[in-house]
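# Structural features, examined
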Amino acid sequence: MANADAFIERIAAGLLLLAVIATFTLSSSVLTKWKIHYLTAGGNFYEKLHPATYFSLLAFSLLLLRSRGPVGEINRMFSESKLLLAYLLCWLFLLIQVIVLERPFTVIIDTFLLPILIAMVMWQLSASRKHPLAWAIHFTILLNVVIGYYEYFSGHRLIPLTLGDVVVAGEWRSAALLGHPLTASGIVGAYVLALVLRPAICPPILLRLPLIAFNLGSLMAFGGRTSLVTVLAMIGLLGVFEAFRLMRGRRMPLPAAILAICVLFAAGAIVFAALDLGIFDKMLLRFSSDKGSTLARYATFSLLSHFDWHELILGPNPVRVNALQSQLGLNYGIENFWIASVVQFGLVHTILMTVGLVCFFVELLRRSNPAAWAIVLLIVIIAASSVSFSSKNIQLAQFVILISVLLPREPRRGAAPAQVRPSISYRSVPA
């Protein structure tokens, strides 16, 4: 039975590897380019679910076939992660509401069910089986970053930027294979924070520092102001904290100090050169002229005032919501997760889903390195300032993959066994 369980886990790890690659390469824009009706009208039912959902569901189903049996496996999984039951219960209430109101339910499957499927499969795998997943994350994110630089400097998109059936023209921000500039900025920003806060991801400092700089610079190409400012603020706070520790007497090896000074001077020279050459002028203009993005956020907060309380409790009529969004200039979506959830699902289910997400993140943080707190903070800021998880997407699943694979909780080191000293018997010696 042990050999059979190992074989099943090997296949599940392979399916999860495909799911990881799919989440970072098969965006809705890529699927639309391939004539798959994921967000567009028409098509068959199976086209409305992301490929990563199919891979994750197969991997989870395979794990249930291990020697304990489906009931035993489910009991063991949830006995180790009791808070996931609260999350699934809140999700189930939302599913019932969506079905009763006859609304598309694939939205909440990819957005809210896929992350927990990935997490539950990930937590069942050993550390050795996660190594290919980590390499897949590095490869796919760096591939997106390279494509992002290419799209920014060449002005040519490999994949057209689409929002449903609409092709967005005149957008300079790169999207790469992640489908949208804000999605790409959030994922790359989380990846940068993981590299900065957990050096074990890439221990050689001569490789890690250029990797951080290369990915951090791409945030200017992807054009996500929220992610850029949040990541820079967290790195700045970390730098202030380390400087404070040095002033209090913390010792630093001389080679490390010399390297840090050289890196600071080199980074400053590169930044000033890039500004002088005007490489990132487009991004800097986003802070002075955001093309109505700030006004759209004000309109988002004023949207709720157009509904009565009885409409907001279980969600207003979608036809009226769409009409008001067009009237207020919110054609691209409501740029706040909680307001969008109230408008779509109502206040009751928004509160339930928020409670469920809190339970899920508590469980995720319990199994992760303390550095995961920074990415969770980034997730909350992104959710409060963009469409994020209020629409059909896999962004939450992408963040869960980054935390679960790159920021696992280190195993506790057991205390060293005490050395047993040989007993010495003192016998009386006759005088």
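It should be emphasised that the depicted structure is a prediction, and the values quoted were computed from it without experimental measurement.

## Topic: the confidence of the model for the chain
Mean pLDDT over the chain works out to 83, with 82% of the residues at or above the 70 mark. Low confidence marks residues 415-431, where pLDDT is under 50. Its contacts with residues over four positions away, or in another chain, come to 0 contacts.

## What about the packing of aromatic side chains?
Remark: the centre distance and the inter-plane angle together describe each pair of aromatic rings, the angle taken between the planes. In this structure the tally under the stated criterion is 10 aromatic pairs. Ring pairs connect the aromatic residues Tyr149, Tyr152, Phe153, Trp172 and Phe214, which therefore count as one cluster. Of note, Arg367 hangs over the ring of Trp123, and the distance from its end group to the ring centre comes to 4.3 Å. A cation sits over an aromatic face here: Lys392 above Tyr38, 4.3 Å from the ring centre.

## A look at the packing of helix H16 (residues 337-345) against helix H17 (residues 347-366)
Interhelical geometry of H16 versus H17 gives an angle of 135° and a closest axis separation of 7 Å. Considered as vectors, H16 and H17 are oriented oblique to each other. Relative to H17, H16 is oriented so that their crossing is right-handed. Contacts from Phe337, Trp338, Ser341, Val342 and Phe345 in H16 reach Leu347, His349, Thr350, Thr354 and Leu357 in H17. Residues of the contact of H16 with H17, tallied by class, amount to 6 nonpolar, 4 polar and no charged.

## Some thoughts on the nonpolar core
In terms of nonpolar packing, the biggest core is built from 101 residues, with Phe24, Phe112, Ile137, Ile375, Leu402 and Leu406 touching the most fellow members. Counting residues per element, this core draws most heavily on helix H6 (residues 106-124), at 13 residues. Look past the residues within four positions of Phe24 in its chain and what remains in contact with it is Ile137, Thr140, Ile141, Asn144, Leu177, Leu178, Ile187, Gln398, Ile401 and Leu402. Of all hydrophobic cores here, the second largest spans 10 residues; its members include Val321, Leu324, Ile339 and Val342.

## Comments concerning helix H9 (residues 205-222)
With 18 residues, H9 should cover 26 Å at 1.5 Å per step; its first-to-last C-alpha distance of 26 Å lies within 8% of that length. The positive-phi residue at the C-terminal boundary of H9 is Gly223, with phi of around 75°.

## What to know about the environment of Leu85
By the element assignment, Leu85 lies in helix H5 (residues 83-100). Sequence separation between Leu85 and Gly356 is 271 residues; the distance between their C-alpha atoms is 8.8 Å.

## Quick word on a nonpolar patch on the surface
A contiguous nonpolar surface patch, about 530 Å² in accessible area, is contributed by Leu89, Leu92, Phe93, Ile96, Val100 and Leu101. Tracing the backbone shows Leu92 in helix H5. Judged by relative accessible area, Leu92 falls into the partly exposed class, the value being 40%.

## Here's the deal with the state of the cysteines
Applying the stated criterion to the full structure yields 0 disulfides. Between Cys90, a cysteine without a disulfide, and Cys359, which holds the nearest cysteine sulfur, the sulfur-to-sulfur distance is 6.6 Å. We classify Cys90 as buried; its relative accessible area is 8%.

Cut-offs applied
Residues numbered from 1 in each chain as written. Predicted model: local features only at pLDDT ≥ 70, side-chain atom pairs only at ≥ 80, totals over all residues. Heavy atoms only, no water. pLDDT = per-residue confidence, 0-100. Contact = heavy atoms within 4.5 Å. Phe/Tyr/Trp six-rings, centres within 6.5 Å; stacked < 30°, edge-to-face > 60°. Lys NZ or Arg CZ within 6 Å of the ring centre and 35° of its normal. Axes fitted to C-alpha atoms, helices over the stretch in contact; angles between N-to-C directions. Helix = DSSP H or I, 4+ residues; strand = E, 2+ residues; numbered from the N terminus. Parallel < 35°, antiparallel > 145°, perpendicular 65-115°, else oblique. Left-handed = near helix turned anticlockwise from the far one by under 90°. Nonpolar A, V, L, I, M, F, W, Y, C, P; charged D, E, K, R; others polar. Core = buried A, V, L, I, M, F, W, Y, C linked by side-chain atoms within 4.5 Å. Buried < 20%, exposed > 50% of the residue type's maximum accessible area, 1.4 Å probe, protein only. Expected span 1.5 Å × (residues − 1). Patch = residues over 30% accessible without salt bridge, like charges linked within 9 Å, V, L, I, M, F, W, Y side chains within 5 Å. Areas by Shrake-Rupley, 256 points an atom, 1.4 Å probe, with all protein chains shown as cover. Salt bridge = Lys/Arg side-chain N within 4 Å of Asp/Glu carboxyl O. Disulfide = S-S within 2.5 Å.

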